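Coordinates in review
Letter by letter, the chains look like this.
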Amino acid sequence: MPSSSPSTTAATSPTSPARNGSGPATTSPHAYDAGLLLLRLVLGLTMAAHGSQKLFGWFGGGGIDGTGQFFTMSGYPAGNAMAVVAGLTEILGGLGLAVGLLTPLAGAAIVGTMVNAIAVTWGGGFFAPKGNEYELLLTAGAAALALTGPGRYAVDRFLPVLKAHRLAYGAAAVLVGLATAGVILLLRK
């Protein structure tokens, strides 16, 4: 009799007996989709709110001028232009994640922006107030969504190319986000 692989053990197989022996354990695919929806909404709307701070000064943000000054002090050229780019990227990427529209690209946009945020906060330790754990968590969440796809409760389900999410789409998008972040970092003094 062939042995089962480690990936199909009783703890991970959706049709294996429950741990308490009361019968078959089943996992609803809707549970995964609901979890992805929650993650997309929280991460996406958080990023969109951050972008609105940069562009419009909402939620106590600096607006384009204040954010532009921060970018200039952080070594980026053309601070106001960088503020607009970062704000638009966060708003559009965040809203894209929230509704599940072009999810791999939306996730990549957030990854690229947050890699630059990590570069700015680097050296302050891991934990707040000067650390980068928050930026790292947002980056990992966006990359995870780009790789896994948005789940069933997303606009992508109606787009022929993205209806069936492929790992290759997500991986390629994350690489584009990382490459773009690298180019922007090269401009930084």
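Residues numbered from 1 in each chain as written. Predicted model: local features only at pLDDT ≥ 70, side-chain atom pairs only at ≥ 80, totals over all residues. Heavy atoms only, no water.

Quick notes on the packing of aromatic side chains
The cut-off we apply is this: Ring geometry is summarised as follows: Phe, Tyr and Trp rings, the Trp one being its six-membered ring, pair when their centres sit within 6.5 Å, and such pairs are stacked at plane angles under 30 degrees, edge-to-face over 60 and tilted between the two. Exposed residues in this analysis have more than 50% of their type's maximum accessible area, buried residues have under 20%, and partly exposed residues fall in between, with area computed by a 1.4 Å probe over protein chains only.
In the structure shown here, the tally under the stated rule is four aromatic pairs. Each ring, one from Phe56 and one from Trp58, has its centre 4.8 Å from the other, and the planes form 35°; the classification is tilted. Since its relative accessible area comes to 48%, Phe56 is described here as partly exposed. The class for Trp58 is partly exposed, based on a relative accessible area of 49%. One aromatic cluster is present, formed by Phe70, Phe71 and Tyr76 through successive ring pairs.

Things to note about the pattern of salt bridges
Threshold: When a carboxyl oxygen of Asp or Glu lies within 4 Å of a side-chain nitrogen of Lys or Arg, that pair is called a salt bridge. For helices the rule is a DSSP run of H or I covering at least 4 residues; for strands it is a run of E covering at least 2, with both sets numbered from the N terminus onward.
What the rule picks out here adds up to two salt bridges. Salt-bridge contacts for Asp33 lead to Arg152; the nearest nitrogen and oxygen are separated by 2.9 Å. With Asp33 in helix H1 (residues 29–56) and Arg152 in the loop between helix H5 (133–148) and helix H6 (167–187), the pair connects residues that are 119 residues apart, well separated along the chain. Asp33 gets classed as buried once you look at its relative accessible area, which sits at 7%.

Section: the confidence of the model for the protein
Put simply, the rule is: For every residue, the predictor assigns a confidence score, pLDDT, that lies between 0 and 100.
With 86% of its residues at a pLDDT of at least 70, the protein reaches an overall mean of 86. Looking over the protein, one finds the lowest element-wise mean pLDDT in H6, namely 94, and the highest in helix H3 (residues 79–99), namely 97.

Some remarks on the packing of H3 against helix H4 (residues 103–121)
Selection rule: Fitting a line to C-alpha atoms yields each axis, with helices limited to the stretch in contact; the angle taken between N-to-C directions then spans 0 to 180 degrees. In these notes the angle categories are as follows: under 35 degrees is roughly parallel, over 145 is roughly antiparallel, 65 to 115 is roughly perpendicular, and the rest is oblique. In this scheme, a crossing is called left-handed if the near helix is turned counterclockwise away from the far one by less than a right angle; it is called right-handed if the turn is clockwise. Every residue pair with non-hydrogen atoms within 4.5 Å of one another is taken to be in contact.
Running from amino to carboxyl end, H3 crosses H4 at an angle of 140°, the nearest separation of the two axes being 8 Å. Relative to H4, the element H3 lies oblique. Crossing geometry of H3 relative to H4 is assigned as left-handed. Residue-level inspection shows Thr89, Glu90, Gly93, Gly94, Gly96 and Leu97 of H3 in contact with H4, the latter providing Thr103, Ala106, Gly107, Ala109, Ile110 and Thr113.

Topic: the side chain of Asn116
Put simply, the rule reads: Pairs of N or O atoms within 3.5 Å make up the polar contacts considered here, provided that, within protein, one atom can donate a hydrogen while the other can accept it, and that residues adjacent in sequence are counted only when both atoms are side-chain atoms.
As for its position among the elements, Asn116 is in helix H4. Exposure remark for Asn116: the relative accessible area of 9% places this residue in the buried category. Reaching out from Asn116, the side chain makes a polar contact with the side chain of Tyr76 at a distance of 2.8 Å. Aside from chain neighbours lying at most four places away, what touches Asn116 is Tyr76, Ala181, Ile184 and Leu185.

Structural notes on the environment of Arg40
Structurally, the position occupied by Arg40 is in helix H1. Measuring from C-alpha to C-alpha, the distance between Arg40 and Ala142 comes to 8.4 Å, with 102 residues separating the pair along the chain. For Arg40, the residues in contact, after removing those within four places along its chain, are Leu45, Leu97, Ala98, Val99, Gly100, Leu145, Pro150, Tyr153 and Ala154.

A look at a nonpolar patch on the surface
To keep things clear, this is the line we draw: Patch membership requires over 30% relative accessible area and the absence of a salt bridge. Like charges are linked within 9 Å, and nonpolar side chains (Val, Leu, Ile, Met, Phe, Trp, Tyr) within 5 Å. Where accessible areas are quoted, they stem from the Shrake-Rupley method and a 1.4 Å probe; at the residue level, only the protein chains shown are allowed to cover.
Taken together, the side chains of Val99, Leu101, Leu102, Leu105, Val155 and Phe158 define a hydrophobic patch exposed on the protein surface, amounting to about 560 Å² of accessible area. Here Leu101 is to be found in the loop between H3 and H4.

Some points on unusual backbone geometry
Glycine aside, residues mostly have negative phi, and peptide bonds are mostly found in the trans state. In this structure, Phe59 is a non-glycine residue whose phi angle is positive, near 55°. Secondary-structure assignment places Phe59 in the loop between H1 and helix H2 (63–73). One non-glycine residue, Ala78, adopts positive backbone phi at about 50°. In this structure, Ala78 sits in the loop between H2 and H3. The class for Ala78 is exposed, based on a relative accessible area of 53%.

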